[in-house]
Amino acid sequence: MSDDIYQPNAVELATELTIAWLSNPNTRTSADDVPSFLLQMHASVLSLVGGSQALETPAEEPREYVGAVTARKSLASPDHIISMIDGKAYKTLRRHLATNGMTPSEYRERYNLKADYPMVAATYSESRRAMAKKIGLGRKPGQTNAVTAEAATPAPRKRKANDVAAD
């Protein structure tokens, strides 16, 4: 027996795995994706083999984000909310956050905002609520505006036997 340990060639293994991946009929990919997949496969094989040549990606340092405005200033006007990302005014932040690849919770976390920090301006929210109420959203099926108006007004008080009649 020899003391030599078989050391597989990482390039050959990565190439064979990539060819096997491409020959699978369920794999749908473009030619542009193949080089990046091959590089990822090579890095994976090197890390599994234990080679010191593995491509290491530097650990990303946590960034400290500073808002374009303060939280108080972003909510100063009821007509809009000023974004802490770019300092522009928006009626609603959801689409703006989505274009920047963030969710409302990630936005709140990034800028250390409270959980109840609004994503919609107060005036805009009120106008949408009034419009929804006007068209009848929130009512039970078969209920009309007249029925809801009757429910809102108190019923007249019934006279009891021991009430003194003012007649």
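This report concerns the structure included in the present document. A quick note: this is a predicted structure, and the numbers were derived from the prediction, not measured.

Focus on the overall build of the protein chain
At step 1: Along the protein chain, the regular secondary structure elements total seven helices and two strands.
At step 2: Listed by position from the N terminus, the elements making up the protein chain come as α-α-α-β-β-α-α-α-α.
At step 3: For the protein chain, with 167 residues in total, the buried portion stands at 18%.
At step 4: Partitioning the contacts of the protein chain with sequence separation of at least 6, the portion at a separation of at least 24 is 40%.

A closer look at the nonpolar core
At step 1: Listed in full, the 11 residues of the largest apolar core are Ile81, Met84, Leu93, Leu97, Met102, Tyr107, Tyr111, Leu113, Tyr117, Met119 and Ala121.
At step 2: Leaving out residues up to four positions away in the same chain, Met119 has contacts with Ile81, Lys91, Thr92, Leu93, Arg94, Leu97, Pro104, Tyr107 and Arg108.

Looking at the packing of helix 1 (residues 10–23) against helix 2 (residues 33–49)
Each pair of packed helices can be described by the angle between their axes along with the distance between the axes.
At step 1: One way to put it is that helix 1 packs onto helix 2 with a least axis distance of 8 Å and a crossing angle of 130°. Judged by the inter-axis angle, helix 1 sits oblique to helix 2. Taken as a pair, helix 1 and helix 2 cross one another with a handedness that is right-handed. Here Ala10, Val11, Leu13, Ala14, Thr15, Leu17, Thr18, Trp21 and Leu22 of helix 1 lie close against helix 2, whose contacting residues are Val34, Phe37, Leu38, Met41, His42, Val45 and Leu46.
At step 2: Its residues placed into classes, the contact of helix 1 with helix 2 shows 13 nonpolar, three polar and no charged.

Some words on helix 2
At step 1: Taking 1.5 Å of rise per residue, 17 residues should cover 24 Å, and helix 2 covers 24 Å from first to last C-alpha, within 8% of that figure.
At step 2: Listed as buried for helix 2 are Phe37, Met41, His42, Ala43, Val45 and Leu46.
At step 3: On the buried face of helix 2, the contacting elements are helix 1.
At step 4: Phi for Gly50, located one or two positions after helix 2, is positive at around 90°.

Quick notes on the pattern of salt bridges
At step 1: In total, this model carries one salt bridge according to the counting rule given.
At step 2: Of the charged contacts in the structure, one is a salt bridge between Arg129 and Glu126, with a shortest N-O distance of 2.8 Å. Separated by three residues within a single helix, Arg129 and Glu126 lie in helix 6 (residues 122–135), roughly one turn from each other.
At step 3: Arg129 gets classed as partly exposed once you look at its relative accessible area, which sits at 45%.

Quick look at the side chain of Arg108
At step 1: Along the polypeptide, Arg108 turns up in helix 5 (residues 104–110).
At step 2: Of the side chains with opposite charge, Asp116 lies nearest to the buried Arg108, which makes no salt bridge, at 6.9 Å.
At step 3: Apart from residues lying up to four places away in sequence, Arg108 is in contact with Leu113, Lys114, Ala115, Tyr117 and Met119.

Thoughts on the environment of Glu12
At step 1: Within the secondary structure, Glu12 is located in helix 1.
At step 2: Exposure remark for Glu12: the relative accessible area of 48% places this residue in the partly exposed category.
At step 3: Glu12 sits 30 residues away from His42 along the chain, and the two C-alpha atoms are 8.9 Å apart.

Observations regarding a nonpolar patch on the surface
At step 1: On the surface, a nonpolar cluster with roughly 340 Å² of combined accessible area is contributed by Met131, Ile135 and Leu137.
At step 2: Within the secondary structure layout, Ile135 lies in helix 6.
At step 3: For Ile135, a relative accessible area of 62% corresponds to the exposed category.

A few points about helix 1
Within an α-helix, residues lying three or four positions from one another point in the same direction, as the helix has 3.6 residues per turn.
At step 1: With 14 residues, helix 1 should cover 20 Å at 1.5 Å per step; its first-to-last C-alpha distance of 20 Å lies within 8% of that length.
At step 2: Residues of helix 1 that are buried: Ala10, Ala14 and Thr18. Seen along its axis, helix 1 keeps its buried residues to an arc of 65°; they face one direction. The outward face of helix 1, more than 90 degrees from its buried face, is lined by the exposed residues Glu16, Ile19 and Ser23.
At step 3: Contacts from the buried residues of helix 1 go to helix 2.
At step 4: Regarding helix 1, its N-cap is Asn9, as a side-chain oxygen of that residue lies 3.2 Å from the backbone nitrogen of Val11 further along.

Rules behind the numbers
Residues numbered from 1 in each chain as written. Predicted model: local features only at pLDDT ≥ 70, side-chain atom pairs only at ≥ 80, totals over all residues. Heavy atoms only, no water. Helix = DSSP H or I, 4+ residues; strand = E, 2+ residues; numbered from the N terminus. Buried < 20%, exposed > 50% of the residue type's maximum accessible area, 1.4 Å probe, protein only. Contact = heavy atoms within 4.5 Å. Core = buried A, V, L, I, M, F, W, Y, C linked by side-chain atoms within 4.5 Å. Axes fitted to C-alpha atoms, helices over the stretch in contact; angles between N-to-C directions. Parallel < 35°, antiparallel > 145°, perpendicular 65-115°, else oblique. Left-handed = near helix turned anticlockwise from the far one by under 90°. Nonpolar A, V, L, I, M, F, W, Y, C, P; charged D, E, K, R; others polar. Expected span 1.5 Å × (residues − 1). Salt bridge = Lys/Arg side-chain N within 4 Å of Asp/Glu carboxyl O. Lys, Arg positive; Asp, Glu negative; His and termini not counted. Patch = residues over 30% accessible without salt bridge, like charges linked within 9 Å, V, L, I, M, F, W, Y side chains within 5 Å. Areas by Shrake-Rupley, 256 points an atom, 1.4 Å probe, with all protein chains shown as cover. Arc of directions from axis to C-beta. Polar contact = N/O pair within 3.5 Å; in protein donor to acceptor, adjacent residues only side chain to side chain.

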